[in-house]
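The residues making up each chain are set out below.
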Amino acid sequence: MVRILLAEDDESMRVYLARALERSGYEVVSVGTGREAVPHIESDRFDLLLTDIVMPEMDGIELAQHAASVAPDMRIMFITGFAAVTLKAGKAVPQAKVLSKPFHLRDLVLEVERMFGSESVPASTDNP
């Protein structure tokens, strides 16, 4: 199962995104700040860091750069409502995907599915 670490400072958005991803078959650990995400990155394994860019204390770009140094295989997707910040993120972490707010939940789920291909499809229980 694909494991996602979600860092989003807006609580209602965080809950909304986590529920949508969990309903789509992903395991999600969600935190409210970049600083809260750091110990998870350092002590656990995640396939994807899904992070807002604009957050207090530690922004998503700093978090992604830390994640890239600690867990280089972890994929990164930024979510943001600020166009100028999107450009900064693309330069700072060029391998990351950027999804601009507002977006439909199906768009988020489709982007995650594209990133992981068949890895994101839950295993069938019909096979012996």
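In this report, we go over the structure that sits alongside the text.

So, how was this worked out
Along each chain, the written sequence defines residue order, and numbers are assigned to residues from 1. In keeping with the predicted nature of the model, local features appear solely for residues at pLDDT of at least 70, side-chain atom pairs appear and are counted solely at 80 or more, and the whole-chain, interface and lining totals rest on all residues. Each side-chain value is derived from all of the structure's non-hydrogen atoms; neither hydrogens nor water enter the calculation. Helix and strand assignments come from DSSP, with helices taken as H or I runs of at least 4 residues and strands as E runs of at least 2, each series counted from the N terminus. In this analysis, two residues are considered to be in contact whenever any of their non-hydrogen atoms come within 4.5 Å of each other. Being paired, for any two strands, means DSSP has found at least two bridges between them. Axes, fitted as lines to C-alpha atoms, cover a helix only where it is in contact. Angles between the N-to-C directions of the axes lie from 0 to 180 degrees. Summary of the burial criterion: residues with accessible area below 20% of their type's maximum are buried, those above 50% are exposed, and those between are partly exposed, where the area comes from a 1.4 Å probe applied to protein chains only. Here a salt bridge means any side-chain nitrogen of Lys or Arg lying within 4 Å of a carboxyl oxygen belonging to Asp or Glu.

Once that is clear, we can look at the side chain of E111. In this fold, E111 is placed in helix 5 (residues 105-116). Contact partners of E111, with chain neighbours within four places excluded, come to M77, K97 and L99.

Two orientations exist for strands paired in a sheet by backbone hydrogen bonds: parallel and antiparallel. Strand order in the open sheet made by the 5 strands is 2-1-3-4-5, with parallel pairing throughout. Of all strands in the sheet, those bounded by a partner on one side alone are strand 2 (27-31) and strand 5 (97-100). For this sheet, the mean angle separating the axes of adjacent strands, direction not counted, is 20°. Two elements, strand 4 (residues 75-80) and strand 5, share 4 bridges in a ladder whose sense is parallel. When the sheet's bridge partners are listed, F78 is paired in strand 5 with V98. Lying on the sheet, helix 5 is in contact with strand 1 (3-7), strand 3 (48-52), strand 4 and strand 5; it crosses strand 4 at an angle near 160°.

Once that is clear, we can look at the pairing of strand 3. For strand 3, a buried count of 5 out of 5 residues is recorded, marking the element as mostly surrounded by other parts of the structure. Across 4 bridges, strand 1 lies against strand 3 in parallel orientation. If you follow A7 over to strand 3, its bridge partner there is T51. Pairing of strand 3 with strand 4 involves 5 bridges; the strand directions are parallel. Bridged to L48 within strand 4 is R75.

Considering the arrangement of structural elements, one finds L110 in helix 5. Spatially, the C-alpha atoms of L110 and S24 are 10.0 Å apart, while their sequence positions differ by 86 residues.

Here the focus is the pattern of salt bridges. With the rule as written, the count across this model stands at 7 salt bridges. Of the charged contacts, one joins R45 and D47 as a salt bridge, the two residues approaching to 2.6 Å between their closest N and O atoms. Residue R45 is classed as partly exposed on the basis of its relative accessible area of 47%. For E111, the salt bridge is made with K97, and the minimal N-O distance between the two is 3.7 Å. Taken together, the residues span a long stretch of sequence, with E111 in helix 5 and K97 in strand 5 at a distance of 14 residues. Several salt bridges share partner residues, and in doing so they unite R3, E27 and D44 into one network.

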